[in-house]
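Working through the structure, step by step
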Amino acid sequence: MKKLLSVMPAMLCIAFVVSSCQKDDLEEAAGANAALLQGEWKFMDMNSKSVVEIEEVEGSDSEKTVSNTNYNTTDNKGTVKFNGKQITATDIEYSIDAIIYAKYYVNNMFVTDLESPFAITLPKTSSISEFELVGTDSIYFSSGTVFGVGAGGQGQATIPSGSKYKIEGNKLIMTTKIAITDKDTIPGSPVTIVTSKTNGEAKMTFQKL
C-alpha cells in the first residue's frame, strides 16, 4: 500500500483543443493578444486540483487508491518575461502545504479513507523556453516550463505542454489541464501491473510589472 500512497500530484501536462473560426479574425485577434502578452509578469500564485487513481494488479488480486488534492501555493516569488517567442522564468519560488485525501480499495471493495501530508518548497528555479500562440487563447511551450515539481520538491521543466490563457486588466491567468496515464509491468510470478491515471487542472496567476 505504501507504493500507492507515495504519489505526488502530477502537474502541467495538457492536451488542449482549439475551437475554429475565420482565419483572418483568428490571426488579427492572436496578434493583438501577442502584443498584450509581451513584457514581464510577477508570479502571484498557483492553484492545483487533481484526482490520482493508482491500481496495482497481481494475478487475481488488486489494490487501488483514488486520491484528491486541492491546494494554493504560498510564498510565491519570481517573474516570467515574454519576449518575442521566448519566455524566461526567473527565480520562481513557492511552497505547498496541503493534505492528500484518498480512498483505499482491495479487489474493488472499499476498505478505508486515508490522509497524507503534501508539503514541499520549490527553491529558486529559472528556465528559458520557446512558445507559440495557438488561435486566440492558447499557448504552447515547446520545452515545458519551470512550474513542474519533481520528487523531494525539486523544480523541473515539464514536457512540452500547453495552456489556455486570458488577460484581465494587469493580470495574466494561464490554465493547464492535467491528463496523464502511465502503465508499468513488474516481472514476477505472477506479473504485477501498476496503472496510474491523473486528471486535473492547474491555474497560474501573474501580474504585469
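Fair warning: this is a prediction, and the values are worked out from it, not measured in the lab.

Focus on the side chain of Asn 47
Of note, Asn 47 is situated in strand 1 (residues 39–58). In this structure Asn 47 comes out as buried when scored by relative accessible area, which is 16%. Here Asn 47 is in contact with Asn 70, Tyr 71, Asn 72, Glu 201, Ala 202 and Lys 203, once residues within four sequence places are set aside.

Some thoughts on the pattern of salt bridges
On inspection of all chains with the given rule, the structure shows four salt bridges. The partner of Glu 168 in a salt bridge is Lys 166, and the shortest N-O contact between them spans 3.3 Å. Owing to a relative accessible area of 44%, Glu 168 belongs among the partly exposed residues under this scheme. Note that Lys 177 is salt-bridged to Glu 201, the shortest N-O span being 2.5 Å. Note that Lys 177 is positioned in strand 10 (residues 171–186) and Glu 201 in strand 11 (residues 192–208), a separation of 24 residues in sequence. With a relative accessible area of 42%, Lys 177 lands in the partly exposed category.

Comments concerning the nonpolar core
The biggest cluster of nonpolar side chains holds 25 residues, and the ones touching the most others in it are Val 80, Phe 82, Ile 139, Leu 172, Met 174 and Phe 206. Elements represented by at least two residues in this core include exactly strand 1, strand 3 (74–83), strand 4 (86–106), strand 5 (109–134), strand 6 (138–141), strand 10 and strand 11. No other element matches the seven residues that strand 4 contributes to this core. Excluding residues within four positions of it along the chain, Phe 82 makes contact with Leu 37, Gln 38, Gly 39, Trp 41, Ile 87, Phe 131, Ile 139 and Leu 172.

Quick word on the packing of aromatic side chains
Enumeration over the complete set of coordinates arrives at five aromatic pairs. Where Phe 82 meets Phe 131, the ring centres are 5.2 Å apart and the plane angle is 85 degrees; that geometry is what we call edge-to-face. Separated by 49 residues along the polypeptide, Phe 82 in strand 3 and Phe 131 in strand 5 bring together distant segments of the chain. Since its relative accessible area comes to 1%, Phe 82 is described here as buried.

Here's the deal with the environment of Val 80
Structurally, Val 80 can be placed in strand 3. The buried category is assigned to Val 80, whose relative accessible area is 1%.

Overview of unusual backbone geometry
A positive phi angle, close to 50 degrees, is found at Asp 75, a residue other than glycine. Note that Asp 75 resides in strand 3. Looking at Asp 75, the relative accessible area reads 54%, which means it is exposed. In this structure, Asp 91 takes a positive phi of about 50 degrees despite not being glycine. On the secondary structure map, Asp 91 appears in strand 4. A relative accessible area of 34% means that Asp 91 is categorised as partly exposed.

Things to note about the confidence of the model for the protein chain
The predicted model of the protein chain averages 78 in pLDDT, with 77% of residues at 70 or higher. Here residues 1–29 is a poorly scored stretch, pLDDT under 50, and it has 75 contacts once near neighbours within four places are set aside; other chains count. Within the model, pLDDT remains below 50 along residues 149–156, and this stretch shows 23 contacts once partners closer than five positions in the same chain are excluded.

Quick notes on the pairing of strand 5
Regular strands place side chains that alternate from one sheet face to the opposite one. The sheet contact formed by strand 4 and strand 5 spans 18 bridges and is antiparallel. Opposite Ala 98, over in strand 5, you have Phe 118 as the bridge partner. Taking the residues that link successive antiparallel strands as the turn, the strand 4-strand 5 hairpin has two residues, and the phi of Asn 107 there is positive, at about 50 degrees. Judged from the four bridges that link them, strand 5 and strand 6 form a sheet pairing that is antiparallel. Across the sheet, the residue bridging to Val 134 is Ser 138, located in strand 6. Linking strand 5 back to strand 6 in an antiparallel pair, the connection comprises three residues, with Gly 135 at a positive phi of about 65 degrees.

Conventions and cut-offs
- Residues numbered from 1 in each chain as written.
- Predicted model: local features only at pLDDT ≥ 70, side-chain atom pairs only at ≥ 80, totals over all residues.
- Heavy atoms only, no water.
- Helix = DSSP H or I, 4+ residues; strand = E, 2+ residues; numbered from the N terminus.
- Buried < 20%, exposed > 50% of the residue type's maximum accessible area, 1.4 Å probe, protein only.
- Contact = heavy atoms within 4.5 Å.
- Salt bridge = Lys/Arg side-chain N within 4 Å of Asp/Glu carboxyl O.
- Core = buried A, V, L, I, M, F, W, Y, C linked by side-chain atoms within 4.5 Å.
- Phe/Tyr/Trp six-rings, centres within 6.5 Å; stacked < 30°, edge-to-face > 60°.
- pLDDT = per-residue confidence, 0-100.
- Pairing = 2+ DSSP bridges.

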